Amino acid sequence: MKNMIHAGTVDEIKESGSKVIKGERSSIAVFYHEGEFYALDNRCPHMGFPLHMGSLCDGILTCHWHHARFDVCSGGTLDPWADDVTSYPVEVQEGAVYVRSQPVKKDALHHYRKRLQEGLEQNLRLVIAKAVVGLLEEGEPAARVAQIGVEFGTTHRQPGWRSGLTILTAMVNILPKLDRQGKILALYQGLVHVARESAGQGTRFMLDSLPVKNVDHGQLTRWYRQSVEVRDIQGAERILLTAIRSGATEKQLADMMMAAVTDHYYMNEGHILDFHNKAFEILQHIGVEHRERVLTSLLPDLRHAQRSEELHSWQSPVDLVTPLEQAFTQLKAWSPGKDEGEVDEETLYKLLLGDQPQKTVEGMVDALHRGTSPVWLARLVTLAAAERIARFHMQNEFADWITVLHTFTHAHAVHQSLKRSVTPELLRGVFHTAMRIYLDRFLNVPAAKKPQRKRNLAGKAPNPETLLDLLDQQQQVEKAADWVSDYLNCDGNPQELFNILGHALLREDAEFHSFQMTEAAMAEHDEWERVESEFAEDAKRTLILALTRYLAAHAPTARELPHTARIAWRLHKGDNLFQED
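Every value quoted in this text rests on a predicted model; they were computed, and no experiment measured them.

Points about the UniProt feature "domain: Rieske" (unreviewed entry) in the protein
Per the UniProt entry, the sites bearing "domain: Rieske" (unreviewed entry) are residues 5–99 in this numbering. Overall, residues 5–99 shows 7% helix and 44% strand. The separation of its end C-alpha atoms is 5 Å.

Things to note about the packing of aromatic side chains
Taken as a whole, this structure holds 12 aromatic pairs when the rule is applied. Seen in terms of ring centroids, Tyr265 and Phe328 are 6.4 Å apart; in terms of plane orientation they differ by 85 degrees. Their pairing is edge-to-face. With Tyr265 in the loop between helix H9 (250–262) and helix H10 (271–286) and Phe328 in helix H12 (residues 321–330), this residue pair connects regions lying 63 residues apart in the sequence. When sorted by exposure, Tyr265 lands in the same class as Phe328, which is buried. Directly above the ring of Trp528 sits Arg379, whose terminal nitrogen or CZ lies 4.5 Å from the centroid. A cation over an aromatic ring shows up here: Arg441 above the ring of Tyr438, its NZ or CZ 3.9 Å from the ring centre.

A word on the packing of helix H16 (residues 400–420) against helix H17 (residues 424–439)
Two elements in contact, H16 and H17, have axes separated by 9 Å at closest approach and are oriented at 160 degrees. With respect to each other, H16 and H17 are oriented roughly antiparallel. Here the hand of the crossing between H16 and H17 comes out left-handed. On the side of H16, the interface is formed by Thr403, Thr407, His410, Ala411, Val414, Ser417 and Leu418, while H17 contributes Leu426, Leu427, Gly429, Val430, His432, Thr433, Arg436 and Ile437. Class assignment for the residues of the contact of H16 with H17 results in seven nonpolar, seven polar and one charged.

Quick look at helix H8 (residues 233–245)
The first and last C-alpha atoms of H8 sit 18 Å apart over 13 residues, in line with the 18 Å expected at 1.5 Å per residue. For H8, a buried count of 10 out of 13 residues is recorded, marking the element as mostly surrounded by other parts of the structure. Taken together, the buried positions of H8 are occupied by Ile233, Gly235, Ala236, Glu237, Ile239, Leu240, Leu241, Thr242, Ala243 and Ile244. As for H8, its buried residues are in contact with helix H7 (217–229), H9 and helix H11 (291–296). Positive phi appears at Gly247, one or two residues downstream of H8, with a value of about 95 degrees.

Here we look at the pattern of salt bridges
Applying the stated criterion across every chain yields a total of 36 salt bridges. In this structure, Asp526 and Lys177 form a salt bridge, with 3.1 Å as the shortest nitrogen-oxygen distance. Separated by 349 residues along the polypeptide, Asp526 in helix H21 (residues 512–529) and Lys177 in the loop between helix H5 (163–174) and helix H6 (180–198) bring together distant segments of the chain. As a salt-bridge pair, Glu534 and Arg453 come within 2.9 Å of each other at their nearest N and O atoms. With a gap of 81 residues between them, Glu534 in helix H22 (residues 534–553) and Arg453 in the loop between H17 and helix H18 (466–470) connect regions that are remote in the sequence. By relative accessible area, Glu534 is classed as exposed at 54%. Assessed through its relative accessible area of 36%, Arg453 is described here as partly exposed. Shared partners join several salt bridges into a network, and the residues in it are Asp83, Lys114, Arg115 and Glu118.

Some thoughts on the pairing of strand S4 (residues 36–41)
Counting buried positions over the six residues of S4 gives five, a clear majority of the element. Across six bridges, strand S3 (residues 27–33) lies against S4 in antiparallel orientation. Across the sheet, residue Tyr32 finds its bridge partner in S4, namely Phe37. As consecutive antiparallel partners, S3 and S4 are separated by two residues, and within that stretch Glu34 has a phi angle of approximately 50 degrees, a positive value. Pairing between S4 and strand S8 (residues 87–88): two bridges, direction antiparallel. Counterpart to Leu40 in the pairing with S8 is Ser87.

Describing the sheet that holds strand S10 (residues 96–100)
Sheet architecture is open: three strands sit in the order S1-S10-S9, paired in antiparallel fashion. Bordering the open sheet on either side are strand S1 (4–9) and strand S9 (90–93), each of which pairs with just one other strand. The sheet shows a mean angle of 30 degrees between the axes of neighbouring strands, direction not considered. Judged from the four bridges that link them, S9 and S10 form a sheet pairing that is antiparallel. When the bridges of S10 are listed, Glu91 appears paired with Tyr98.

Parameters at a glance
- Residues numbered from 1 in each chain as written.
- Predicted model: local features only at pLDDT ≥ 70, side-chain atom pairs only at ≥ 80, totals over all residues.
- Heavy atoms only, no water.
- UniProt positions renumbered as here; feature names shortened; annotations may be inferred.
- Helix = DSSP H or I, 4+ residues; strand = E, 2+ residues; numbered from the N terminus.
- Phe/Tyr/Trp six-rings, centres within 6.5 Å; stacked < 30°, edge-to-face > 60°.
- Buried < 20%, exposed > 50% of the residue type's maximum accessible area, 1.4 Å probe, protein only.
- Lys NZ or Arg CZ within 6 Å of the ring centre and 35° of its normal.
- Axes fitted to C-alpha atoms, helices over the stretch in contact; angles between N-to-C directions.
- Parallel < 35°, antiparallel > 145°, perpendicular 65-115°, else oblique.
- Left-handed = near helix turned anticlockwise from the far one by under 90°.
- Contact = heavy atoms within 4.5 Å.
- Nonpolar A, V, L, I, M, F, W, Y, C, P; charged D, E, K, R; others polar.
- Expected span 1.5 Å × (residues − 1).
- Salt bridge = Lys/Arg side-chain N within 4 Å of Asp/Glu carboxyl O.
- Pairing = 2+ DSSP bridges.

Next comes the structure, spelled out in C-alpha cells:
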C-alpha cells in the first residue's frame, strides 16, 4: 500500500500494547488503547525521550523523563513547555495495522510562530529555542523572527524599552557576520532576554494622539522637548503619537527625540541615547509600521533618567559643564561640512585621550568650523572610547570594565545616529562622550600594553577556533589580546575572526554589556574599513583588541543558555538526547 507502513497484526499490537516502527524521518510508536490504534512520533517533543517507554492511562500518554502529558489521539500536550507530539494516521485492514508515512499535516511556520509567542509569554527558553530553530530551518526571515520579539517586548513590559530589546536589536545587526549556528544563537539569546525582562512586568497601554488637524511639526518638537524636560512622559507620548500619525518622516522623528535626549548630558550613563538609536535601528529591520509601539516604549525610561550635568564629577574638581555650554553656544551658528576638513586626526585623537578637557573641546569646535563632518568627528571620538577599553589595566576594579564600556556604546550610538541625521542638538552628544572619555582617563593609569602591529607574512595565522579554547579559562585578557595580535599580524581574516568572537559571546550566559560591546565594536570596525590609511589600520586593530579583551574578561560562565539552544538544535535534527554519547 502506497505511503503506508505495516506496523504489525492487530493481535500482536493488542497483546503488547505498543510497538515501535521505523518511519521516514524517525521512529513511530504505535499504541493500542481502549479499543483504538494510535501512532505518534516516538520522541517526546520536550527532550526526545522514547514515548513507548511512557505510561498510557485514560487517553493520556505520560513521558517518564519529565512527566510531560499528551493526548494519545491528537498528540496535543497538557504541558505547554513540552510542545505537541507529531501524530500519524492509522488504518486497520484485514487484521493488519498500517501507519501513513506522512504525519498529520500542519502549517510549520504558523506552528513555530505560535510557539515562539507562547515561549515569550511564559518565559520558557527551551520553547523559544525550538521555535527559533524551527523558523529558521523553515526559511523564515530573521527580521520576521525578531519582529515577534519586538512586538512582545514593546507590549508586555510596562516600564518600556530596556536591555532585552537592545540585545535583540544588537544581535540582529551582527547576523551577517555569523555562521548558521551563530545566527540561531544570536536570535535565541536576544529573544530569551526579551522574555526574561518582560516576565511579570505588566502590559503597556498606549495613549491616543492629540485631536488636531493642522499639525505644526516645529511646534510639536518644542512641546515634546518641554515635556521631557519636566519628565511629563504622558504628555510626551501623546505628542510623539501625534507626530507619527501626522506623517512625520524618520528624520523628523529622530531629530525631535534625539534633541530631547541631548538636552541633558549622558543620561543614565549613556543608555538613554543608546536605546533610542537601537529603536530606530530595529525599525529598519522590521518596518516603519511598528513606529508607534517601538518609539513610545522609549519614554518610560526618561521619567527618572539621571542627568550627568547635575553630578558632582562633571562639575568638580574640573568644571566640564561651562566649557561645553560655551561650545554649544558657538555651534548654534554652525552648519554641517561636506567632507572631513583639514584636520590632523592624530593630533585631535591625542587631545581626546589627554587630560586637558578645555583644549579638547576647543579642538573639536575648531575641527567642525574647519569643515570636519560631524560623522567623521563622532567616529574618531568613538575610537578614542574604544582605546580606553583596549588599554584598560587589569589592576582596576572589575566593575570598571562597565564604566569604559558605557562610554564606548554611547559614542557608538551617537555616531550611528548622526549618520541618520545631523543636527546641532544631536552633535552635543559627541561632546558629552568626549568629556566622559576624559573622566575615564584614570582607568588607563597605568595603561595596559597594546600588542604591537607588526606584519608577519612568513607566519601562518592560527586557527580562529583556538581562541575559544583560550577563553575556556578565566581572565585570559592579555593572552587573548596577544593571540589576536598574532592573528592579525599574520594577515588573518578579520571576518572569520568576528564569527569566532561572536561565538565567544553567544556560547556564554553573557550579561547585557557584552552584547553591546560586541555589536558596537564590529560596526565601528566596518566604518574604518571604508578608510584607506595607516591610522585606519590601527583603528581597526584597536577595535578588535578592545572587543577581545572585554569578552576575555567576562568568560567563561556557566553557559546554561547556549546549552538549551544546543538541545533544541539536536532535537530538531532527531538526536536522542537521553542516550549516552
